[in-house]
Amino acid sequence: MSVKTKIPYIEQNQQRFLDELFELLRIPSVSADKKFRDDVKKAAEFIKTKLIEAGVDKAEICPTAGHPIVYGEKIIDPSLPTVLVYGHYDVQPADPYELWETPPFEPTIRNEKIYARGSADDKGQMYMHIKAFETMMQTDSLTCNVKFMIEGEEEVGSNNLGIFTEANKEKLKADMIMISDTGIISNEHPSITVGLRGLTYVEVEVTGPNRDLHSGMYGGAVENPINVLCEMIHKMKDKNGHITIPGFYDKVVELSKADREAMAKQPFSLEKYKKDLDIADVFGEKGFSTIERTGIRPTFDVNGIWGGYIGEGAKTVLPSKAYAKISMRLVPNQNSDEITKLFTDYFLSVAPKTVKVKVTPHHGGEPAMVSTKSTAYQAAALAVEEAWGKAPIPTREGGSIPIVALFQKVLGLDSLLMGFGLDEDAIHSPNESYGIFNYIKGIETITLFYKHFATLSKAK
């Protein structure tokens, strides 16, 4: 397909832009799995090369204690505003591979979408910025200085990004940060994300006897850690979907009636939502809509649970240990460290004396809000309206991008969350995809943003 744009250079180079993205998508840069370490490095090299080809003054691969960060910059005039582009080139594991219709690292086009791991999260969205920058360089229309910081550890918590940011404050000086790792309501209803939830992620271990036991000889006399773990998790929420951890809601910001009424005006079909997920009904905290539950309310979810025998056939075992991975999404004013402590204290308190319990925090991030009155947001709104023919709707997303709060704390910079993904893209799931329309339209919108940002910044 060919996507119509207002910028001839983009329209003329669409196929090459797609071909280059396909090259990147073929690299299995899975940051969580050590066997892909060389591929992660290969992806970093690819990004550096493409930045140079696009016209940056300099590009470098910056080592960290984990995977490297790619940095590049183009300074056309120090007196002009500077945009710092953040993105990530690492991807989630593709497992289970058997659920993919086509191989996850062999990008395929079906129904005008690019199917591949990382197509939407975040290679496709990150690469839009490089192609927008190339477009401005080739058409002599770059109006701002541009810096790129593309990391390889976002999918494993960005553990080294804070260290790098703290050590390179001068290098990363800018007027704002642009991130495309979010989505829009639909292609008919473009939107800009103004809120993200925070996150705390923990792993719990429940230990009973000092070894696996015969369930006939010991069952009924010795506590089963899996049973205990399930009972403990059950106590974390009540029948109304309300989280029971003492103090959990103490700092939650309650939205006004007017704000909730504004959220309710967003285009949303509950029936389509249920049909897309193949579920008979939704569930969540009583008194809130589905949009509110995923945007302005905190959550508690078990992301994985295991223990005992799970192989083929039967093994009558009473397991020694049981495990679970648990995440809690947070909303403005909640703090990940505080919530982790509240959870830990409560989880330990509900454990019976028959077991030992260990809680291991993994990573966390803080909630973030973006002002719709900022110069960056106003420029983005104008760019979206020019490219899409409609003014964007400000929305809150349920996901987390912890580095947004990090950038504000360390660099003192606000981020613009201008992504173009769709709910149907199935990020983190088998058969992840990204629309060709969204990819090309994203490049156009980003290009137009620079024009408006420079104009509005000059007028201030």
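Residues numbered from 1 in each chain as written. Predicted model: local features only at pLDDT ≥ 70, side-chain atom pairs only at ≥ 80, totals over all residues. Heavy atoms only, no water.

## Description of the overall build of the protein chain
Okay, step 1: When helices and strands are tallied, the protein chain shows 14 helices and 18 strands.
Okay, step 2: Computed over C-alpha atoms, the radius of gyration of the protein chain comes to 24 Å, within 12% of the 23 Å expected from 2.2 N^0.38 for 460 residues, which places it in the range of a compact globule.
Okay, step 3: When the backbone C-alpha atoms are referred to their principal axes, the protein chain occupies close to 80 × 50 × 45 Å.
Okay, step 4: Burial analysis of the protein chain (460 residues in total) assigns 54% to the buried set.
Okay, step 5: Put simply, 79% of the contacts in the protein chain that link residues at least 6 apart link residues at least 24 apart.
Okay, step 6: Just so you have it, the protein chain exposes about 21,100 Å², and 51% of that area is on carbon and sulfur atoms. (Helix = DSSP H or I, 4+ residues; strand = E, 2+ residues; numbered from the N terminus. Rg over C-alpha atoms; globule rule 2.2 N^0.38 Å. Buried < 20%, exposed > 50% of the residue type's maximum accessible area, 1.4 Å probe, protein only. Contact = heavy atoms within 4.5 Å. Areas by Shrake-Rupley, 256 points an atom, 1.4 Å probe, with all protein chains shown as cover.)

## A few points about the packing of aromatic side chains
Each pair of aromatic rings is reported with the distance of its centres and the angle of its planes.
Okay, step 1: Under the criterion given, the structure shown has 13 aromatic pairs.
Okay, step 2: Geometrically, the ring pair formed by Phe46 and Tyr127 is tilted, given 6.2 Å between the ring centres and 40° between the ring planes. Taken together, the positions of Phe46 in helix H3 (residues 37-54) and Tyr127 in helix H4 (residues 123-138) put the pair 81 residues apart, joining distant regions of the chain.
Okay, step 3: Ring plane angle 70° and centroid distance 5.6 Å describe the contact between Tyr86 and Phe407, whose orientation is recorded as edge-to-face. On the criterion of sequence distance, the pair formed by Tyr86 in strand E3 (residues 82-88) and Phe407 in helix H13 (residues 403-411) is long-range, its members being 321 residues apart.
Okay, step 4: An aromatic cluster is defined as three or more aromatic residues linked by ring pairs; in this entry it consists of Phe300, Phe343 and Phe347.
Okay, step 5: The ring of Tyr115 carries the charged tip of Arg110 above its face, separated from the ring centre by 3.9 Å.
Okay, step 6: We note Lys171 situated over the ring of Tyr71; from NZ or CZ to the ring centre the distance is 4.9 Å. (Phe/Tyr/Trp six-rings, centres within 6.5 Å; stacked < 30°, edge-to-face > 60°. Lys NZ or Arg CZ within 6 Å of the ring centre and 35° of its normal.)

## Brief notes about the pairing of strand E7 (residues 176-179)
Okay, step 1: Side chains Met176 and Met178 of E7 all project onto a buried face; the interleaved residues Ile177 and Ile179 project onto the opposite face, where all are buried too.
Okay, step 2: Summarising the sheet, E7 and strand E17 (residues 415-417) pair through three bridges and their orientation is parallel. Note on E17: the bridge partner recorded for Met178 is Leu416. (Pairing = 2+ DSSP bridges.)

## Remarks on the sheet that holds strand E14 (residues 356-365)
Okay, step 1: The strand order across the open sheet formed by four strands is E11-E13-E9-E14, and the pairing between neighbours is antiparallel. Strands with a single pairing partner mark the edges of an open sheet, and in this sheet they are strand E11 (301-307) and E14. In this sheet, neighbouring strand axes are inclined to one another by 15° on average, regardless of whether the strands run parallel or antiparallel.
Okay, step 2: In terms of strand pairing, E11 meets strand E13 (residues 321-330) through six bridges, oriented antiparallel. Bridge assignment links Trp306 to a residue of E13, and that residue is Tyr323.
Okay, step 3: Relative to E13, helix H7 (residues 225-234) is tilted by about 15°, and along the sheet it contacts strand E9 (198-207), E11, E13 and E14. (Axes fitted to C-alpha atoms, helices over the stretch in contact; angles between N-to-C directions.)

## Things to note about the nonpolar core
Okay, step 1: In terms of nonpolar packing, the biggest core is built from 91 residues, with Ile47, Tyr439 and Phe449 touching the most fellow members.
Okay, step 2: Tallying contributions element by element places helix H14 (residues 436-459) first for this core, with 10 residues.
Okay, step 3: In this structure, Ile47 is in contact with Leu24, Val70, Tyr89, Met126, Ile130 and Ile150, ignoring residues within four places of it in sequence. (Core = buried A, V, L, I, M, F, W, Y, C linked by side-chain atoms within 4.5 Å.)

## Overview of unusual backbone geometry
Okay, step 1: The peptide bond linking Asp95 to Pro96 adopts the cis configuration, its omega dihedral lying at -5°.
Okay, step 2: Note on placement: Pro96 falls in the loop between E3 and strand E4 (108-110).
Okay, step 3: Here Asp121 and Asp122 are connected by a cis peptide whose omega angle stands at 0°.
Okay, step 4: Along the chain, Asp122 falls in the loop between strand E5 (113-115) and H4.

## With respect to the pairing of strand E8 (residues 191-196)
Okay, step 1: In terms of burial, E8 is a largely internal element, six of the six residues being buried.
Okay, step 2: Summarising the sheet, E8 and strand E16 (residues 393-397) pair through five bridges and their orientation is parallel. Residue pairing in the sheet places Leu196 in a bridge with Glu397 of E16.
Okay, step 3: Direction of pairing for E8 relative to strand E15 (residues 368-369): antiparallel, over a ladder of two bridges. Across the sheet, Gly195 pairs through a bridge with Met369, a residue of E15.

## Overview of the sheet that holds E4
Okay, step 1: Within the open sheet, the three strands sit side by side as E4-E5-E18. Their pairing is antiparallel. The sheet is open, and its two borders are formed by E4 and strand E18 (433-435), each paired with just one other strand. Along the sheet, successive strands turn relative to each other by an average axial angle of 30°, direction set aside.
Okay, step 2: In the sheet, E4 pairs with E5 via three bridges, with the strands oriented antiparallel. For Ile109, the partnering residue across the bridge sits in E5 and is Ile114.
Okay, step 3: Sitting on the sheet, H14 is in contact with E4, E5 and E18, with an inclination near 60° to E18.

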